Structures are given as structure tokens and as C-alpha cells.
Amino acid sequence: MTETSRSAVADGVEPSPSLLYLLKRTELVVRARLEELLKPAGVTALQYTALTVLERRDGVSAAQLARDSFVTAQSMADMVRALENRGLVRREPNPGNRREKVILLADAGRRLLARYAEPARLLEERMVGELEPADVERFRDYLKSAHRSLS
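Residues numbered from 1 in each chain as written. Predicted model: local features only at pLDDT ≥ 70, side-chain atom pairs only at ≥ 80, totals over all residues. Heavy atoms only, no water.

**Q** Go over the overall build of the protein with me, naming the residues and quoting the values.
**A** Of the regular secondary structure elements, the protein holds 7 helices and 2 strands. For the protein, the succession of helices and strands along the chain, N to C, is α-α-α-α-α-β-β-α-α. Relative to the compact-globule value of 15 Å for 151 residues, the protein shows a C-alpha radius of gyration of 20 Å, a clear excess of over 25%. In terms of its C-alpha atoms, the protein occupies a principal-axis envelope of roughly 65 × 30 × 25 Å. Expressed as a percentage of the 151 residues in the protein, the buried residues total 27%. Counting every atom, the protein has about 10,700 Å² of accessible surface; 55% of that belongs to carbon and sulfur. (Helix = DSSP H or I, 4+ residues; strand = E, 2+ residues; numbered from the N terminus. Rg over C-alpha atoms; globule rule 2.2 N^0.38 Å. Buried < 20%, exposed > 50% of the residue type's maximum accessible area, 1.4 Å probe, protein only. Areas by Shrake-Rupley, 256 points an atom, 1.4 Å probe, with all protein chains shown as cover.)

**Q** Lay out the pairing of strand 1 (residues 89-94) in plain terms, naming residues and giving numbers.
**A** Inspection of the sheet shows strand 1 paired to strand 2 (residues 97-105) by 6 bridges, in the antiparallel sense. Directly across from N94, in strand 2, lies its bridge partner N97. As consecutive antiparallel partners, strand 1 and strand 2 are separated by 2 residues. (Pairing = 2+ DSSP bridges.)

**Q** Help me get a handle on unusual backbone geometry, residues and values and all.
**A** Although it is not a glycine, F70 sits at a positive phi angle of roughly 70°. Overall, the relative accessible area of 69% leaves F70 in the exposed class.

**Q** An account of the side chain of N94 is requested, with residue identities and associated values reported.
**A** Here N94 lies in strand 1. If near-sequence neighbours (up to four positions away) are discounted, N94 is found in contact with E100, K101 and V102. (Contact = heavy atoms within 4.5 Å.)

Right, dumping it as C-alpha cells:
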């Protein structure tokens, strides 16, 4: 406990939670809400994230998709298999390296993303609903800056 937090507790004032704690707490509640939202589609929040990555950057390796989706390579291998079995993605030989396969978003995956684009947007809007539009953009910039600083 820091000197400042000790004196705050002694004064009966609870210290502010750390930014790391607040970010993790927010991530967990967003993930839980996303899981609820996606339950009818039979996909997880992590699978949905991978599909949105492919929507922005189709035809990537499993390793790159894992990095961009924040999961391990092993988790991604299992996830790609599940998504491929559902017809949401497909694998094809990489034109630049025939020994490697790239993962592409299938038409069914595009339809799923289109169906959930508005509900996902509304979830995000709910998350920042108490902020002014300019503050939302600043928040987005702050998060990007924080990511860059740690990358």
C-alpha cells in the first residue's frame, strides 16, 4: 500500500482502483454481455472476435489470427476447426507459401457478422452512453495510445 493510499484509508476515503483493475473489470463485463448477445448464434465472444478480425483483414495465417484475436495458437487451432465445421470460415493454401494455409471468412460468417453488427454497436454505445461524443473519441484515442505504449 502506498503512503497516499494509507492516508486515504486512514481518512476514511477509499483509494481509487488502479487503471489496470478498471480495464480488466470492463473487459470482463463486455465479454459477458457479448456472450449473452451471441448465444443464439452459437458462437463465443472469442470466436466472434476472430470473425471480426477476418472481416477487417481476410486471408491471414492461423498464427496471425491468434495474435490479432488475443488467444494462443493452440486455442486458435481449435477455434478455427470449430468455425470451419460451422461453415463460418474456410482454409485455403497461401498463394505465397503453399505449405501454409490462410483462413478466410466464409459467406455464412459474413452473414453472421452482418446480423450482429447492430446489436454489437448498441452494446458499445451502451458502454459509452454516459460520455459525450468528443469524450468517446478521446477515450478511443487514449486506449490506442495505451496499447501502443505497451506494444
